[in-house]
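# Structure at a glance
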2 protein chains.
Amino acid sequence: MAKGEAEIRALIDSQIKAVRARDVGGLLASYAPDVLVFDLVNPLEYRGSGALRKRAAEWLSSFEGPVGYEVHDLRITAGDDIAFCHSCNRVMGTTTQGKKIDMSWRATLCCRKIDGKWMVTHGHSSVPFDMESGKASLDLKP
Amino acid sequence: MAKGEAEIRALIDSQIKAVRARDVGGLLASYAPDVLVFDLVNPLEYRGSGALRKRAAEWLSSFEGPVGYEVHDLRITAGDDIAFCHSCNRVMGTTTQGKKIDMSWRATLCCRKIDGKWMVTHGHSSVPFDMESGKASLDLKP
């Protein structure tokens with residue numbers, strides 16, 4: 001595996017570890033200050049790591065107890081200082097309201113090496129929707 | 001503007017021109033044979049330019065007459081041979097069933113320079129959904 005690819009793999013592993021531990025700071029450590037994220041749910045976009053931190057904190061605090069998090073079908077393309085990857089991600093857990101969650105989505109991360117450290121400068125997470133019903137497809141399986 | 005950035009801008013311009021002309025071949029010319037696309041609507045993914053060509057042909061032939069297509073808020077990050085960009089795209093037209101369409105979505109394109117030519121190897125288009133209703137947000141404005 002090329003060096004850049006191994007480094008992006010390590011970034012993803014750090015995110016997996018952070019989500020499982022519900023560690024907002026750990027998760028945000030890999031995002032650039034001026035990151036722009038297209039997330040699963042409204043609004044259209046989250047601009048800057050401050051907005052993303054708030055969103056991540058809300059998301060991770062919506063779970064009670066341990067969170068299962070898996071990254072499937074990861075494909076990385078990495079050069080010396082620009083990289084991107086895509087995957088299908090899955091989260092499993094129980095919300096603070098006692099609702100069981102098992103949900104998958106498509107994820108793209110775009111990264112730049114800034115001062116020697118890979119940072120996510122753009123992220124895009126989504127599920128497709130059904131053209132007839134207009135409903136988001138919340139039963140994807142990786 | 002750096003060279004890579006200008007080249008990716010030209011790739012996007014060629015796609016805009018192709019969509020407006022409902023030119024499937026022109027649109028597909030910028031996609032790598034092994035491209036993987038996460039599209040707006042089901043299914044989960046389109047793997048390979050053959051599957052993408054079929055999808056693009058269906059999409060573009062669903063319109064009657066001229067198609068309006070705009071790419072807003074384009075941000076490009078480009079190195080020598082790896083690049084990515086994101087934007088909000090808008091399509092306007094009338095379907096063959098006479099239904100007026102004016103729809104916007106988030107778009108991410110990830111590219112590699114292959115044999116001297118920039119090609120899209122991964123694309124991700126989506127709208128977010130509303131957590132309460134489970135409905136896709138089809139009224140986005142760029």
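## Side note on the overall build of chain A
- A count of helical and extended segments in chain A gives 3 helices and 6 strands.
- Written out in order from the N terminus, the α and β elements of chain A read α-α-β-β-α-β-β-β-β.
- Against the 2.2 N^0.38 benchmark of 14 Å for 142 residues, chain A shows a C-alpha radius of gyration of 15 Å, consistent with a compact globule.
- When the backbone C-alpha atoms are referred to their principal axes, chain A occupies close to 45 × 35 × 30 Å.
- Across the 142 residues that make up chain A, the buried fraction comes to 35%.
- If you take every contact in chain A between residues at least 6 apart in sequence, the share linking residues at least 24 apart comes to 49%.

## Quick look at the relation of the copies chain B and chain A
- By a simple turn and slide, chain B fits onto chain A: the slide is 0.0 Å along the axis, the RMSD is 0.0 Å, and the turn is 180°. Such a combination of turn and shift is consistent with a two-fold rotation axis. Minimal C-alpha separation from the rotation axis in chain B is found for Lys135 of chain B, amounting to 2.2 Å.
- By residue overlap, the copies meet face to face through one surface: 100% of the interface positions of chain B are interface positions in chain A.

## Observations concerning the interface of chain B and chain A
- With 34 residues of chain B at the interface, the matching set in chain A holds 34 residues.
- Elements that contribute at least two residues to the side of chain B that touches chain A include exactly strand S1 (31-38), strand S4 (82-95), strand S5 (100-114) and strand S6 (117-126) of chain B.
- Here the side of chain B that touches chain A is composed, by residue class, of 17 nonpolar, 11 polar and 6 charged.

## Some points on unusual backbone geometry
- In this structure, the amide linkage connecting Asn42 of chain A to the following residue, Pro43 of chain A, adopts the cis form with an omega of 5°.
- As for its position among the elements, Pro43 of chain A is in the loop between strand S1 (31-38) and strand S2 (46-47).
- Of note, Asp115 of chain A is a non-glycine position whose phi angle comes to about 50°, a positive value.
- Considering the arrangement of structural elements, one finds Asp115 of chain A in the loop between strand S5 (100-114) and strand S6 (117-126).
- Despite not being glycine, Asp73 of chain B has its phi angle at roughly 55°, a positive value.

## Describing the environment of Asp13 of chain B
- Within the secondary structure layout, Asp13 of chain B lies in helix H1 (residues 3-20).
- Placed 60 residues apart in sequence, Asp13 of chain B and Asp73 of chain B show a C-alpha to C-alpha distance of 14 Å.

## Some points on the sheet that holds S6 of chain A
Residue and element names in this part refer to chain A.
- Across the sheet, 6 strands lie side by side as S2-S1-S6-S5-S4-S3; this open sheet has mixed pairing. The strands lining the two open edges of the sheet, one partner per strand, are S2 and strand S3 (63-78).
- Alignment of S1 against S2, held across 2 bridges, turns out to be antiparallel. Across the sheet, Val37 pairs through a bridge with Tyr46, a residue of S2.

## Observations regarding the pairing of S1 of chain A
- Sheet topology places S1 of chain A next to S6 of chain A; 4 bridges connect them, and they run parallel. Note that in S6 of chain A the partner of Val37 of chain A across the bridge is Gly123 of chain A.

## Describing the sheet that holds S5 of chain B
All names here are of chain B.
- The strand order across the open sheet built from 6 strands is S2-S1-S6-S5-S4-S3, with neighbouring strands paired in mixed fashion. Because the sheet does not close on itself, it has two edges, and the strands there are strand S2 (46-47) and strand S3 (63-78).
- In this sheet, S6 lies alongside S5 in antiparallel orientation, the contact comprising 9 bridges. Note that in S6 the partner of Lys113 across the bridge is Trp118.
- Packed on one face of the sheet, H1 meets S3, S4, S5 and S6 and runs near 170° to S3.
- With respect to the sheet, helix H3 (residues 49-61) is in contact with S1, S2 and S3, its orientation differing from that of S1 by roughly 65°.

About the criteria used
- Residues numbered from 1 in each chain as written.
- Chains lettered and ligands numbered in written order.
- Predicted model: local features only at pLDDT ≥ 70, side-chain atom pairs only at ≥ 80, totals over all residues.
- Helix = DSSP H or I, 4+ residues; strand = E, 2+ residues; numbered from the N terminus.
- Rg over C-alpha atoms; globule rule 2.2 N^0.38 Å.
- Buried ≥ 20, exposed ≤ 12 C-beta atoms within 10 Å, placed from the backbone.
- Contact = placed C-beta atoms within 7 Å.
- Least-squares fit on C-alpha atoms with pLDDT ≥ 70 in both.
- Nonpolar A, V, L, I, M, F, W, Y, C, P; charged D, E, K, R; others polar.
- Pairing = 2+ DSSP bridges.
- Axes fitted to C-alpha atoms, helices over the stretch in contact; angles between N-to-C directions.

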